[in-house]
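Residue strings, one per chain:
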Amino acid sequence: MFDLSLEELVQQIKSRQITAQSVMTAVYKNIESYEEQLKAYCTIIEKRRAMELAAVVDAKAKNGEVLGKLAGIPVSIKDNICIQDPQLKTKCGSKILENFYAPYNATVVEKLIQEDAIIIGKTNLDEYAMGSSTENSAFQITKNPWDPERVPGGSSGGAAVSIAAQMALLALGSDTGGSIRQPAAFCGVTGIKPTYGVVSRYGLVAYGSSLDQIGCLAKSAEDCEYGLRVIQGYDPHDSTSAQVEYGDAPSIDLSEQKFCIPQEYMDADAADDDVISSMMELIETLKQAGATVEERSFPFTNLLIPTYYILAFAEASSNLGRFDGIRYGVRKEGDSTLESLYKTSRSNGFGAEVKRRIMLGTFVLSAGYYDQYYGKANKVRTFIEQEVEKILAEFDCIIGPVSPFPAFKLGEKTEDPLSMYLADVYSVLANLARIPAISLPTKPSASQLPIGTQLMGRKFQDSQLLATAAAIQKITSDHQQTPNMLHK
Amino acid sequence: MEFEPVIGLEIHAQMATQSKIFCNCSTEFGKPPNANTCPVCLGLPGVLPVLNKQVLEFAVRLGLATNCTIRLDSQFARKNYFYPDLPKAYQISQFDRPICENGWLNVDVNGQTKKIGITRIHMEEDAGKLIHGDGDDDCSYVDLNRAGVPLLEIVSEPDIRTPEEAKAYMEKIHSIVCYLGVSDGDMEKGNLRCDANVSLRLAGQEEFGTRTETKNLNSFRFIQQAIVYEIARQKEELLDGHEIVQETRLWDSDKKITYSMRSKEEAHDYRYFPDPDLPVAHITQGWVDSIAETLPELPDAKRQRFINQYGLRLEDASVLVAEQSIADYYEDVAAHQVNPKTVYNWVIMEMGRVMNETRKRIGELGISTNHLAELIGLIEDNSISGKIAKAVFEEMLKNNQSPHVIVEAKGLKQISDEGALGQQIDEILESNPAQVEQYRAGKTKVIGFFVGQIMKATKGQAHPQIVNQLLKQKLDL
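Trainee: Got a minute to help me understand the overall build of chain B in this structure?
Mentor: Check the secondary structure of chain B and you find 15 helices and 16 strands. In terms of C-alpha radius of gyration, chain B reaches 30 Å, well past the compact-globule figure of 23 Å for 477 residues. Expressed as lengths along the three principal axes of its C-alpha atoms, the size of chain B is roughly 95 × 55 × 55 Å. The 477 residues of chain B split such that 50% are buried. Of all intrachain contacts in chain B linking residues separated by at least 6 positions in sequence, the fraction that spans at least 24 positions is 68%. Within the structure as shown, chain B displays about 22,500 Å² of accessible surface, and the carbon and sulfur contribution to it stands at 49%. Within chain B, one finds 52 positive and 70 negative side-chain charges whose respective centroids are separated by 3 Å.

Trainee: Even after reading the chapter, I still don't get the domain arrangement of chain B, so can you show me in this structure?
Mentor: A common way to report how large an interface is uses the accessible area buried once the components associate. What the domain assignment reports for chain B is domain 1 (3-289), domain 2 (299-410) and domain 3 (418-475). Between domain 2 of chain B and domain 3 of chain B, the C-alpha centre-to-centre distance is 34 Å.

Trainee: What am I meant to see in the interface of chain B and chain A here?
Mentor: Facing 32 residues of chain B, the contacting portion of chain A comprises 37 residues. Roughly 2,700 Å² of surface becomes buried between chain B and chain A when both sides are summed, with 60% attributable to carbon and sulfur atoms. A salt bridge links B:Asp277 to A:Arg201; the nearest nitrogen and oxygen atoms lie 3.0 Å apart. The interface formed by chain B and chain A contains 15 residue pairs in polar contact (both at pLDDT 80 or more). Broken down by secondary-structure element, the contributors of at least two residues to the side of chain B that touches chain A are β4 (77-80) and β15 (273-274) of chain B.

Trainee: What should I look at first to understand the pattern of salt bridges in this one?
Mentor: Pairing between side chains of opposite charge can happen when their charged atoms approach one another. Residue and element names in this part refer to chain B. Within this structure, the stated rule accounts for 58 salt bridges over all chains. Its salt-bridge partner being Glu125, residue Lys88 comes within 2.7 Å of it at the nearest N-O pair. Here Lys88 is found in the loop between β4 and β5 (90-93), whereas its partner Glu125 is found in strand β7 (residues 112-125), with 37 residues between them in sequence. Taken together, the salt bridges that share partners define one network made up of Glu297, Lys302, Arg305, Asp328 and Glu331.

What counts as what
Residues numbered from 1 in each chain as written. Chains lettered and ligands numbered in written order. Predicted model: local features only at pLDDT ≥ 70, side-chain atom pairs only at ≥ 80, totals over all residues. Heavy atoms only, no water. Helix = DSSP H or I, 4+ residues; strand = E, 2+ residues; numbered from the N terminus. Rg over C-alpha atoms; globule rule 2.2 N^0.38 Å. Buried < 20%, exposed > 50% of the residue type's maximum accessible area, 1.4 Å probe, protein only. Contact = heavy atoms within 4.5 Å. Areas by Shrake-Rupley, 256 points an atom, 1.4 Å probe, with all protein chains shown as cover. Lys, Arg positive; Asp, Glu negative; His and termini not counted. Charge placed at Lys NZ, Arg CZ, Asp CG, Glu CD. Domains from an automatic or database assignment. Buried area = accessible area lost by both parts, 1.4 Å probe. Salt bridge = Lys/Arg side-chain N within 4 Å of Asp/Glu carboxyl O. Polar contact = N/O pair within 3.5 Å; in protein donor to acceptor, adjacent residues only side chain to side chain.

Here it is in structure tokens:
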């Protein structure tokens with residue numbers, strides 16, 4: 001059943017060729033086998049309850065009742081997405097929220113429930129989605145199923161692992177600068193960051209509000225498209241959500257597609273040879289399919305990292321102000337003053353990376369520095385957005401690596417946050433330009449670690465981008481590979 | 001040394017919307033703590049603001065009424081600071097792109113008209129409030145009912161020079177926000193309040209002195225008193241050779257002094273930046289124009305019309321138009337073809353006195369405009385005297401009856417019948433021959449004695465002029 005597309009599986013559940021209970025049983029079998037080692041989930045609902053929910057779906061199918069588009073599908077959601085559930089906290093990987101149960105559902109959660117999906121748990125992440133390895137979680141370290149000594153990527157590391165180890169069939173993650181695509185690449189799954197505004201952010205605990213976007217991780221572009229179709233849509237609770245019609249998935253003829261490869265991405269020093277060669281193999285496949293691939297210069301590439309981090313940190317420093325121990329979350333009293341309550345709660349509640357980003361973000365917004373940093377970064381962002389728009393007027397997609405390297409060893413980069421920041425150079429472009437971007441598993445590294453290659457499309461043409469990726473996955477098989485541990 | 005005060009006001013007006021600025025919670029006052037809250041105004045993780053369009057419309061209304069330029073692409077910004085009544089640790093406000101800019105108003109002080117510039121008007125959310133436990137309870141409690149209630153902040157240019165001008169400006173703003181319906185203007189509830197920036201400079205000097213900001217003045221009187229105090233205090237400091245400390249001060253209305261709250265060194269760096277959760281508030285000139293068409297007649301225009309239409313003096317017309325309900329009431333009464341100046345006297349003197357005593361609004365006194373017009377009509381056709389009219393008015397307040405009914409029931413109608421009065425006068429002259437002799441001997445002042453006697457005999461209902469006339473006729477024979 002793990003080979004079926006989500007659409008096929010839901011059809012079979014509806015027509016009772018497969019029961020939702022048997023799907024749930026299979027997923028929980030994987031959870032029982034791998035979760036203890038991989039630690040993808042922060043919290044997970046009891047199997048008994050998951051089976052009851054699946055039984056409800058089967059009963060409805062039996063009674064011929066109308067079932068939703070995700071009927072009986074076990075879905076994981078990242079632990080920065082709010083869900084109102086007595087068994088599922090929303091901790092964001094942070095000690096300061098370790099006792100927090102959200103009293104409302106995120107819009108995406110409402111949409112999943114509406115379509116009869118079964119949300120089975122909350123996946124681990126870097127604290128407040130700040131990081132690229134999921135090592136910044138206050139609670140646990142998630143391992144990569146391809147090599148448990150390696151990181152799964154991040155910040156949606158738990159989400160990517162839940163898919164790679166078949167412990168969920170659809171995962172929702174969030175992507176501020178690559179947090180869906182990079183772990184998807186590290187774990188050999190497909191992940192999409194939609195156009196900014198396609199999916200409501202209501203109920204997503206904000207990191208960089210102008211960059212954050214919820215998206216899907218799954219085993220294929222087809223499944224990502226299927227999931228995205230459910231969670232997208234204008235939301236009156238989110239003023240930044242777009243009132244744009246999400247079109248039907250078009251049929252894509254790769255021979256008519258024009259791909260752009262930024263010259264700067266071919267720089268041999270910037271990425272591992274394996275990464276470049278994996279991308280080159282995809283380009284070769286595209287050319288053989290008759291597609292046009294041309295190089296163009298992206299002279300603003302060296303501006304991406306500073307621009308991204310100034311904006312993201314500044315917004316984060318403000319967004320995280322509310323975690324003050326006053327109304328919810330963990331309060332640590334210092335002496336009896338209010339200032340000490342704030343300082344003690346926040347000093348104890350946040351991890352090192354979060355504090356670093358809050359401090360940097362506070363600095364760039366300080367009186368006298370605004371124009372120099374945040375103001376300038378916003379101007380640069382607008383410029384980048386316009387430049388990318390020009391390129392995408394000429395091309396259907398931009399191709400690039402997702403990460404300069406495949407999954408690294410646990411602890412390998414924790415002492416060098418700057419090198420981790422710099423590794424986001426390929427992924428932040430899509431967030432800054434607000435365009436959709438998908439990470440596809442392409443040729444693995446010499447040591448058989450997954451590598452992802454990225455396609456970026458035009459604003460609000462998410463379904464075209466996904467259809468292009470699906471067309472590629474029809475003629476390639478890298479996305480079908482699964483970690484060895486599943487075959488034992 | 002001659003000092004010139006330089007004063008600017010920042011006024012906060014709570015908007016009269018049904019729901020909060022960024023969520024659907026009610027703005028109703030007086031609910032149990034935290035009854036009017038939801039995940040959005042509680043600032044829970046993951047929530048997002050959605051602008052209440054009514055807020056935008058109210059801001060535009062006020063901007064148009066105060067001669068501002070309306071910005072078609074205004075933007076919300078976050079003002080970041082920590083306080084337990086501020087659940088997101090930032091207030092959503094406006095910074096460098098406010099909705100209204102470069103306006104002005106005229107105020108009248110001592111017969112002089114003065115133009116006061118308005119730098120800007122912007123939209124923002126209010127914070128909640130803290131309730132501190134008393135006695136053994138050393139806890140502080142947070143009530144977020146007010147968090148997210150929409151405010152308009154109206155910032156004046158430093159054009160004000162005297163406490164009287166400051167008060168007049170505040171009164172004008174109060175009057176306008178009430179006319180427009182954008183705020184109920186209830187200063188006692190703090191729905192309209194102001195911060196006063198005051199500095200002194202040497203007469204003739206160009207640059208401003210160091211200013212202080214006195215916060216949360218919530219009555220016209222306090223504004224004036226606080227500024228008078230602050231001018232005197234700063235003058236004394238300067239004459240003593242001290243420098244003025246730039247600081248935030250508070251007004252103590254019991255002691256009638258301002259005192260320091262925090263100095264500039266402790267001032268916050270609010271780290272303003274555009275709120276990424278709220279797109280630029282694009283509006284069209286067409287929408288602004290359609291709002292302009294719905295603006296009511298504003299106080300200044302109404303006052304001019306009252307002067308022209310009713311022949312009122314400028315000062316009297318100013319008093320009438322300050323509150324729209326009073327102006328409307330006045331016009332309704334005046335429409336009954338009675339003397340507009342008499343109507344002014346009754347509305348402002350008599351009803352004004354009762355409004356002050358009972359702290360009621362004009363519509364709550366129970367005297368309809370028809371009844372007041374009737375009462376004035378009775379005076380004008382000599383049916384009752386002014387004195388009797390006041391007694392009838394007191395009755396009207398008590399039982400809401402028509403003055404005709406009261407006059408009939410109590411037999412208060414003025415006696416103007418010369419025959420009946422003549423008879424009475426003859427009787428009194430007969431029974432007081434000594435006084436008649438005195439009068440005829442030249443002590444004409446005793447006529448007052450006769451008038452008093454007749455009034456006594458008629459229970460005040462005799463028409464005084466006719467009595468005088470008849471007395472003279474009979475005595476001068």
